[in-house]
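Given next are the chains, with one letter for each unit.
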Amino acid sequence: SIGGDAPIHTLLLCNNNKCSSKKDKNTQQQRIIPMKTLLQISIVGILLALAHGLGNTALQYSSYPLKVAFKSCKLVPTMALGKCVTGRKHTALQYIAALIMGMGLAVLTAADVFSSKTKLQSISDQESLSLLGPILLGISTILDSAVPNLQEQLLQSAKVNTSELIFVSNAIMCLVLVAYTTYSGELIAAWSYCTQHMDASMILVCQGLCAYFGLQCYLAIIRDHGGVAGVLFANARKVCTILLSFILFSKPFNVRHFLGLVLVFVGVYLGYKGKQQQQQKKKKGAHQKRKSKGDGKSQTTTFKN
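So, here is what we can say about the structure in this document.

Reading the values: rules and limits
By convention here, each chain's residues receive numbers from 1 onward along its written sequence. With the structure being a predicted model, the display of local features is reserved for residues of pLDDT at least 70 and the display and counting of side-chain atom pairs for 80 or more, all residues being used for whole-chain, interface and lining totals. Values shown for side chains rest on all heavy atoms present in the structure; no hydrogens or waters enter the calculation. Numbering of helices and strands runs from the N terminus; a helix is a DSSP stretch of H or I covering at least four residues, while a strand is a stretch of E covering at least two. Three exposure classes are used, based on accessible area relative to the maximum for each residue type with a 1.4 Å probe and protein chains only: buried under 20%, partly exposed in between, and exposed over 50%. In protein, a polar contact requires one atom able to donate a hydrogen and another able to accept it; more generally it is a pair of N or O atoms within 3.5 Å, and residues adjacent in sequence count only if both atoms are side-chain atoms. Pairs of residues are marked as contacts when any of their non-hydrogen atoms sit within 4.5 Å. Residues belong to a common nonpolar core when they are buried Ala, Val, Leu, Ile, Met, Phe, Trp, Tyr or Cys residues joined through side-chain atoms within 4.5 Å. Each aromatic pair joins two rings of Phe, Tyr and Trp (for Trp, the six-membered one) with centres within 6.5 Å, and gets the label stacked for planes under 30 degrees apart, edge-to-face for over 60, and tilted for any other angle.

The next point concerns the side chain of Thr-78. You can see Thr-78 is positioned in helix H4 (residues 75-85). You can call Thr-78 buried: its relative accessible area is 0%. In terms of polar contacts, Thr-78 uses its side chain to reach the backbone carbonyl oxygen of Lys-74, at 2.8 Å. Other than its neighbours up to four places away in sequence, Thr-78 contacts Ser-145, Pro-148, Asn-149, Gly-227, Val-228 and Val-231.

Given below as structure tokens:
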């Protein structure tokens, strides 16, 4: 099924953004967003809706650990698509680091599921052998990987504000999800459940508020450091969430958790080494350019003399 609490969550994000936009009007002159930029932000909203929807729909044809594995490797296609969208290039070592980090995150996230024999039995009973599940997850991951790169392009090149990006993209996403969940009947069921369980409504409100401020920070990272850095910080957030769960909830720390953490830290180390190699290549290339320019100037001076 598509959405879950996504329409309500998105509506909360849009409402919070309206409040912040009203505050911005008091401090600075309101600017008009060009129609081309609005269309680009709308595409981001549609991609977000499709990515979330296809990912949730895939659970009807595949297991949850498979979805975790696909989503955890989101960094690799984000880096690959970044070369096409923003022109950012990455070394082979950085791609290997991203793949290892994704594998570690997948193992770490799904460790509880893999360690439970009863859950594994229930997973094997599902239609996990259907090719439709992996296909939907693959499309969802690719669409989800394109979003940070498009956000980076909008924030850095088009100079869109984070509040504007959140408001327009989530408004479009909200319309798409509300239309679908109304058609499927999920929206009415979710609304009746929330009216009967006010505690669930309060949890959704708190989730929406926290998600809004978290999204502001996430987009600020993308604006200053790029889409790949944003995905890296999102992966770090997942690791912190898992580690905090051991403190807040009583659950055993098994070998799979340890293996996942080791893979994550190995991926981080290799990514750091790959970044160093990339910076060294840039410095070497800049030095060679300066040297060639200096040689050209000296040859010209000699010729004149």
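Ranked by internal contacts, the top residues of the largest apolar core, which has 35 residues, are Leu-75, Leu-165 and Leu-219. Contributing elements (two or more residues each) for this core: helix H2 (35-57), H4, helix H5 (92-109), helix H8 (132-156), helix H9 (162-184), helix H11 (198-225), helix H12 (227-248) and helix H13 (255-304).

The phi torsion at Lys-159 lies on the positive side, around 55 degrees, for a residue other than glycine. Residue placement: Lys-159 occurs in the loop between H8 and H9. Under the relative-accessibility criterion, Lys-159 is labelled exposed at 56%.

Evaluation of the coordinates by the stated rule reveals 1 aromatic pair. Their ring planes at 70 degrees and their centres at 5.4 Å tell us that Tyr-212 and Phe-213 sit as a pair that is edge-to-face. For Tyr-212, a relative accessible area of 5% corresponds to the buried category.

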